[in-house]
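Architecture and fold: a report
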Amino acid sequence: MRVKKRSKHRKAVKFYATCFGFREPYKVLIDGTFVHHLLTQRLLPADEALRDLLSASRTPALFTSKCILAELRRLGKSHAESFDAAQLLTTTKCEHDKVVGAVNCVQSLIGDKNPEHFFVATQDPGLRENLREIPGVPVIYGLKNSLCIERPSMQQRKFAQLDEEKRLNMDISEYKKLLKAASEGKTIASENGSGEEQHEMPISSLVKNALHVTDKTKFKRNKAKGPNPLSCKKKKPKLPTAIQKQVRLMARQRGRGFGSGREAKKITSNWRLRTRRMGLRRKFQCSC
Ligand SMILES: [Zn+2]
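As recorded by an unreviewed UniProt entry, the chain carries the name UTP23 sensor motif region domain-containing protein and is attributed to Zea mays. Quoted straight from UniProt, the Sequence similarities (unreviewed entry) entry for the chain says "Belongs to the UTP23/FCF1 family. UTP23 subfamily." Of the chain, the UniProt comment under Subcellular location (unreviewed entry) reads exactly: "Nucleus, Nucleolus".

Have a look at this one:
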């Protein structure tokens, strides 16, 4: 049961992160009723309990407002402890010069779109119901000695779906704007003298031109710069010209019939001895 609950909470947090851009460290706006619940149920420390609830890697930042604090103070001795605890939270700035009720203050802080990405923690059923109507407002509440996140409401899910569709499909006004931009491009082109070509183009290509979208991606083909080095034989080191001549002579002698392999070997060895004694140049001159 506990695992099932945790996965439900994770799913809800993921929904708000994906569809409404909630990011860690999460911000939690806490009202007086929730502070009172945390204290009576001993769900302390509150930031750790909320971190566990949101399955967050970083401790969430907890906020309250001066109107919420004022309401707790008005409640007197019964809520004195809650007032002291709420004073330790970060006070977010609200628009109210004159203190208003906590419900009104929370609603004004959230506005129409919850720009600050607050999770609202409250035990007030009326406020919870109101917040369900606003897209992108996750609600946290306490159930005895455990904390819960409300499942995204039908309105919130519909809004997220519509928003996604809007992002995927082009709006009519956007389409008109594109057409206008394309026609402006066309008039400029006709002024430059290439109007006939532009008139023949379909609307889709005009829109593409306005967006600077190319039809086909251009790939560069790597051309072969030479033969594959792996398929080539290694180059033999060049012999000096005198040795080359000697080798050729030996091959000729072998072809004529006189001079076996042994003799050839002998010649080369002799020649080597000679070269050692006489030097290469002298031998070459002698043979000539
Ligand atoms: Zn206020």
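Having seen it, we continue.
We now examine the nonpolar core. If you look at the biggest cluster of nonpolar residues, it comprises 40 residues, and the most contacted ones within it are Val28, Leu29, Ile30, Val106, Val120, Ala121 and Ile140. Discounting residues that sit within four places of it in the chain, isoleucine 140 has contacts with Val28, Leu53, Phe119, Val120, Ala121, Leu147 and Ile149.

So, about the pairing of strand β6 (residues 146–149). Along a regular strand, successive side chains alternate from one face of the sheet to the other. In β6, alternate side chains face the same way, and those of Leu147 and Ile149 are buried while those of Ser146 and Cys148 on the opposite face are not. Looking at chain direction, strand β5 (residues 139–143) and β6 are connected through four bridges and run antiparallel. For leucine 143, the partnering residue across the bridge sits in β6 and is serine 146. Taken together, β5 and the strand that follows it, β6, pair antiparallel across an intervening segment of two residues, in which lysine 144 is found at a positive phi of about 55 degrees.

Before going further, it helps to spend a moment on unusual backbone geometry. Note the cis peptide between glutamate 24 and proline 25, where omega equals -5 degrees. In this structure, proline 25 sits in the loop between α1 (2–20) and β1 (27–30). In this structure, proline 45 follows leucine 44 across a cis peptide bond, with omega equal to -5 degrees. A positive phi is found at serine 55, a non-glycine position, where the angle reads about 50 degrees. With respect to the helices, strands and loops of the structure, serine 55 is situated in the loop between α3 (46–54) and β2 (61–65). Judged by the 12 C-beta atoms lying within 10 Å of it, serine 55 falls in the exposed class. Of note in the backbone geometry, asparagine 114 takes a positive phi value of approximately 50 degrees without being a glycine. Relative to the elements of secondary structure, asparagine 114 occurs in the loop between α6 (102–110) and β4 (118–121).

Packing of α6 against helix α7 (residues 125–132) brings their axes to within 11 Å, and their N-to-C directions diverge by 20 degrees. Here α6 is positioned roughly parallel relative to α7, judged by the angle of their axes. As α6 runs across α7, the sense of the crossing is right-handed. Residues Val103, Val106, Gln107 and Ile110 of α6 form the contact with α7, whose own contacting residues are Gly126, Leu127, Asn130 and Leu131.

Moving on to helix α4 (residues 66–74). Of the residues making up α4, those classed as buried are Cys67, Ile68, Leu69, Glu71 and Leu72. Contact partners of the buried residues in α4: α2 (32–40), β2, α5 (80–87) and α6. The positive-phi residue at the C-terminal boundary of α4 is glycine 76, with phi of around 85 degrees.

Let us now look at the sheet that holds strand β3 (residues 90–92). As summarised here, the arrangement of the six strands in space is β3-β2-β1-β4-β5-β6, forming an open sheet in which the pairing is mixed. A strand with exactly one partner marks an edge of an open sheet, and here the two such strands are β3 and β6. Within the sheet, the average angular offset between the axes of one strand and its neighbour, ignoring direction, is 35 degrees. Bridge count for β4 against β5 is two bridges, and the pairing is parallel.

Moving on: the environment of proline 152. Within the element layout of this structure, proline 152 appears in the loop between β6 and α8 (154–168). A residue is classified by how many C-beta atoms lie within 10 Å of it, and proline 152, with 23 of them, is buried. Sequence separation of proline 152 and phenylalanine 15 is 137 residues, and the distance between their C-alpha atoms is 7.9 Å. Excluding anything up to four places from it in sequence, proline 152 contacts Ala12, Phe15 and Arg157.

The next point concerns the pairing of β1. Across three bridges, the pairing between β1 and β2 is parallel. Each bridged residue has a counterpart across the sheet, and for leucine 29 the counterpart in β2 is phenylalanine 63. Bridge count between β1 and β4: four bridges; the pairing is parallel. Bridge pairing links lysine 27 to phenylalanine 118 in β4.

Conventions adopted
Residues numbered from 1 in each chain as written. Predicted model: local features only at pLDDT ≥ 70, side-chain atom pairs only at ≥ 80, totals over all residues. UniProt positions renumbered as here; feature names shortened; annotations may be inferred. Core = buried A, V, L, I, M, F, W, Y, C linked by C-beta atoms within 7 Å. Buried ≥ 20, exposed ≤ 12 C-beta atoms within 10 Å, placed from the backbone. Contact = placed C-beta atoms within 7 Å. Helix = DSSP H or I, 4+ residues; strand = E, 2+ residues; numbered from the N terminus. Pairing = 2+ DSSP bridges. Axes fitted to C-alpha atoms, helices over the stretch in contact; angles between N-to-C directions. Parallel < 35°, antiparallel > 145°, perpendicular 65-115°, else oblique. Left-handed = near helix turned anticlockwise from the far one by under 90°.

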